[in-house]
Amino acid sequence: MEDMAYEEIPYESEELFNVLCKAHSGQAVPDLADTALTIVGDWGWLHHESLDFIEPRDLRSICRTRCLTHGTQLWENNQREMLYSNAMFAPDLICSREDVYKYLRARGVSEKTAADFMTDVRKGKIFSRGYTNEQYKMLDDCDAEYWFIEACEKIQYLFPEAHEVCFSVSMLRLLWLALNGSAATKGTIIKYAAERER
């Protein structure tokens, strides 16, 4: 077990996702799992309301929810209200900058135009100054849906999904070690957590 390379440590398994679902629902989880997630400061996202709509059942769903918690003005006073009013649905949620880009590309918008728009949304430029005439025309030309136009205008910051994938994989691998690692590995996790608390 000690000889396992980082790349060999599993990060997608039913066991891991069940632990995360239990944590979200308030059920007890193994003590060392709690310790491992505390090390990476990752308990907060498990209590995010979006997990009532997106179950942490795979890497993508975990990344989506964690991106939501890293962004600004994505949930409260924005997509949350549209979800509850059925103006949009969980698969529609804009969680990361990539979601904006993929949405526009799927509607025929050019790579450059989609990337430029994504960047303006990610940095909160549209929130600060509103849409430009060119952006309004682009949204109209590609038949962008009402919820997308409304959500993008309120977003102040979007976290990159590409960054979140790295963070989430590391978190899941640490969780796997906490559940399945050797006694020495588990001891190292406990020791490191204790040192962090000093």
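Okay, so let's go over this structure. (Residues numbered from 1 in each chain as written. Predicted model: local features only at pLDDT ≥ 70, side-chain atom pairs only at ≥ 80, totals over all residues. Heavy atoms only, no water.)

### What to know about the environment of Phe148
Here is step 1 of the chain: Here Phe148 shows up in helix α9 (residues 146-154).
Here is step 2 of the chain: Exposure remark for Phe148: the relative accessible area of 0% places this residue in the buried category.
Here is step 3 of the chain: Counting along the chain gives 57 residues from Phe148 to Pro91, while the straight-line C-alpha distance between them is 12 Å.
Here is step 4 of the chain: Sequence-distant contacts of Phe148, that is, excluding residues within four places in its chain, are made with Ile94, Val100, Tyr103, Leu104, Phe117, Tyr131 and Leu139. (Helix = DSSP H or I, 4+ residues; strand = E, 2+ residues; numbered from the N terminus. Buried < 20%, exposed > 50% of the residue type's maximum accessible area, 1.4 Å probe, protein only. Contact = heavy atoms within 4.5 Å.)

### Re the nonpolar core
Here is step 1 of the chain: Counting residues in each nonpolar core, the largest one holds 32 residues, and the members touching the most others are Ile94, Val100, Leu104, Phe117 and Phe148.
Here is step 2 of the chain: Among the secondary structure elements, those contributing two or more residues to this core are α3 (59-70), α4 (75-84), α5 (97-106), α6 (111-122), α8 (133-141) and α9.
Here is step 3 of the chain: Residue contacts for Phe117: discarding those within four places in its chain leaves Val100, Leu104, Ile126, Tyr131, Gln135, Met138, Leu139, Phe148 and Cys152.
Here is step 4 of the chain: With 29 residues, the next largest nonpolar core counts Ala23, Ala36, Trp45 and Met171 among its residues. (Core = buried A, V, L, I, M, F, W, Y, C linked by side-chain atoms within 4.5 Å.)

### A short note on the side chain of Gln135
Here is step 1 of the chain: Locating Gln135 in the fold gives a position in helix α8.
Here is step 2 of the chain: Here the side chain of Gln135 touches Arg129 through a polar contact of 3.5 Å, side chain to side chain.
Here is step 3 of the chain: When residues no more than four places from it in sequence are discounted, the contact partners of Gln135 are Phe117, Asp120, Ile126, Arg129 and Gly130. (Polar contact = N/O pair within 3.5 Å; in protein donor to acceptor, adjacent residues only side chain to side chain.)

Limitation: the analysis is restricted to geometry and does not speak to function.
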